[in-house]
There are 2 protein chains.
Amino acid sequence: MLQTLSRIRVVLVGTTHPGNIGSAARAMKTMGLAELVLVAPECAFPSADSTTLAAGADDVLVAARVLPRLEDALADCVWAVGTSARRRGHSVPALDPNPAAQDLIARAAQGPVALVFGRESSGLTNEELDCCNALVQIPTNPEFSSLNLAAAVQVLTYSCRIAALAESPPSPPEYDPDPPATQAELEGLFEHLQRALIRIEFLDPEKPRHLMRRLRHLYLRAGLSASEVRILRGILTHTERGGGRPLGRP
Amino acid sequence: MLQTLSRIRVVLVGTTHPGNIGSAARAMKTMGLAELVLVAPECAFPSADSTTLAAGADDVLVAARVLPRLEDALADCVWAVGTSARRRGHSVPALDPNPAAQDLIARAAQGPVALVFGRESSGLTNEELDCCNALVQIPTNPEFSSLNLAAAVQVLTYSCRIAALAESPPSPPEYDPDPPATQAELEGLFEHLQRALIRIEFLDPEKPRHLMRRLRHLYLRAGLSASEVRILRGILTHTERGGGRPLGRP
C-alpha cells in the first residue's frame, strides 16, 4: 500500500519562496512521497535556501522537474486534486483532507495522481483549479486561515500516508478494460469540445469561458475513462462534420 | 466543540531555533489553538525570527509563557500527551495522532490538557516523557522520519481540530462528582508513594528510579480521578505510619 505514495505527485505552482520548496520536499519525504514538480516557480531553483530547509530530503529536490504550465505537470495523471483556501462557487466538489486522500490513494492504483498547491499569496487561479478533478480544503480556523505552503503540504501528505496505511492489502490486479482518462486526454477532449461547439455556433468564440468552465467541471467531476473520452470525441468529430444521414435512411 | 481547542496547551521543551517557535505559533493559530508554553527554551525569546515566522500569529507569541520545568507547565493539566519519534520500551501507550487527538478533545472537557513537544535534535527525555499520561507518534516514513518541529505541531493540532469538528454537540454539562486528577496531584501522589516505599524499605533510596518509573506509568495510564488520588494518598499516609491495628482487634 505504501508504494502507492510514490505515485502521488506534488505540484507547486508559482512558488515565490525557495525555502518553502525545501520545506515541502522535507514534508513529502517524511510521509514517503518522492515526486515533486514545480510549475513556473517565481524564485530561483535550485537554491541554497531550498537545500537547507530540505534538511536531508535533497534527493526529492534533485529529482524535481520544473515545467512551464500546469497542464504539462498533469498530462499523464489520472486524477488531480487542487488545494483551495476558499470556495468560489466552483462546481467541482471541495473535499476534506481525509476523504480526498482516501480517494487519491484509491485512484493511484490506476496511474499517476497529483496534489496541486498554489502561490503563497494567492493560491491557485480559477484556470488552474479548472485543471483539477477535485478540490480539497483544509478546515482551518476561519479567523486565521494563513496556512504556510509547506504546512499545507505536510497536512495533505500526512493524510495520504494515513489513508495508505489504512488501506487493506490490494486484491490481485485485474485487467481493467476501461482505465481512467489521463488529464492530457481530458484536455484533448475539452479542446475538441470547444472547437465543436464553436463550429456549431453553440458557443460564442469571443466569450467561450463561462460555458466551457461549466462543462469542464461536469466532466472533471465525472472521472471519465479513456474509452468514454474516445466515445465523446467520436461524437464531437461527427458533430464538427455537421454530419449524420438524413432521417429515414439506414 | 471548537472552544475545546482553546483548552489544549502546546508545550515546547528546549527549543533551539526561534523560527520554529514562530512557525509553531502560526500552525497553532491556523487550527484554532492559542495557548503556548515554552519550557527552558535554548534560544532567545521573544525574537525577531519568531515574530517573522508567526506571520500574524503574534498574539500567540505575546501570550506565551516561559517556564523553567515541564512539571510547571503541566501542573494544572488533567492530561498530557508527549510526542515521541521512537518507542523506547515505555509502558505508557504510544497512540496514532487520530486516536490521541480524539482522546485529548474528550478529556479537554474536564480541564486543561497539553501536547508536549521536545527538542529539534533529540526530542523529549525519558524523564520528560514520564511526566506525560500518554505518548503520540506520527507515523513517518521509517527511512526519513525527520519531521520539522513546527510540522509536527501542524499535524497534531490539525488532528485535534478534525477531532473537535467531528465531535457531536456536547450534552448539557453534568456535575462531575469525580473530576480527573491534575498533574500536580499526580506528582504529589508519586512523591508520597516514593517516600512511603522508602519508609517501608520496599525501595532502595539510592536507586529508586526504575521501580518508580514502572509505578508512574501504571498510574499515568490509568487516568486517575482526584478522589482516587486522595484514597491512594490516604493509604500511603497509613503505610508511612506503619499503622494498622494488630490482627484480631476490631
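Residues numbered from 1 in each chain as written. Chains lettered and ligands numbered in written order. Predicted model: local features only at pLDDT ≥ 70, side-chain atom pairs only at ≥ 80, totals over all residues. Heavy atoms only, no water.

Undergrad: Quick question: what am I supposed to make of the nonpolar core here?
TA: Nonpolar side chains in soluble globular proteins generally cluster together in the buried interior. Counting 91 residues, the largest nonpolar core has L12(A), L36(A), L12(B) and L36(B) as its most contacted members. With sequence-adjacent residues up to four places away left out, L12(B) is seen in contact with I21(B), A24(B), L36(B), V37(B), L38(B), V39(B), F117(B), L149(B) and V153(B). (Core = buried A, V, L, I, M, F, W, Y, C linked by side-chain atoms within 4.5 Å. Buried < 20%, exposed > 50% of the residue type's maximum accessible area, 1.4 Å probe, protein only. Contact = heavy atoms within 4.5 Å.)

Undergrad: Explanation requested: a nonpolar patch on the surface in the structure shown.
TA: Together, I200(B), F202(B) and L211(B) line one region of the surface with nonpolar side chains, adding up to about 280 Å² of accessible area. On the secondary structure map, L211(B) appears in helix α9 (residues 209–222). (Patch = residues over 30% accessible without salt bridge, like charges linked within 9 Å, V, L, I, M, F, W, Y side chains within 5 Å. Areas by Shrake-Rupley, 256 points an atom, 1.4 Å probe, with all protein chains shown as cover. Salt bridge = Lys/Arg side-chain N within 4 Å of Asp/Glu carboxyl O. Helix = DSSP H or I, 4+ residues; strand = E, 2+ residues; numbered from the N terminus.)

Undergrad: What's the story with the relation of the copies chain A and chain B in this structure? I'm lost.
TA: One chain copy maps onto the other through a rotation about an axis and a shift parallel to that axis. The operation relating chain A to chain B is a screw motion whose rotation component is 180°, with 0.1 Å of axial translation and a residual RMSD of 0.1 Å. Given the turn and translation reported, the copies of this chain are related as if by a two-fold rotation axis. Taken as a fraction of all interface residues of chain A, those also at the interface in chain B reach 100%, which identifies the copy contact as same-surface. (Least-squares fit on C-alpha atoms with pLDDT ≥ 70 in both.)

Undergrad: What is the right way to look at the state of the cysteines in this model?
TA: When the sulfur atoms of two cysteines share a covalent bond, that bond is a disulfide. All chains considered together, the criterion is met by zero disulfides over all chains. Cysteine C132(A) remains unbridged, with the sulfur of C131(A) as its closest cysteine sulfur at 6.5 Å. (Disulfide = S-S within 2.5 Å.)

Undergrad: Sorry if this is basic, but what is going on with helix α5 (residues 97–108) of chain B here?
TA: Residues and elements named next belong to chain B. Over its 12 residues, α5 runs 16 Å from end to end, which matches the ideal 16 Å to within 8%, given 1.5 Å per residue. Burial in α5 covers these residues: P97, A100, A101, L104, I105 and A108. Buried residues in α5, looked at end-on, bunch into an arc of 130°, giving them a common side. (Expected span 1.5 Å × (residues − 1). Arc of directions from axis to C-beta.)

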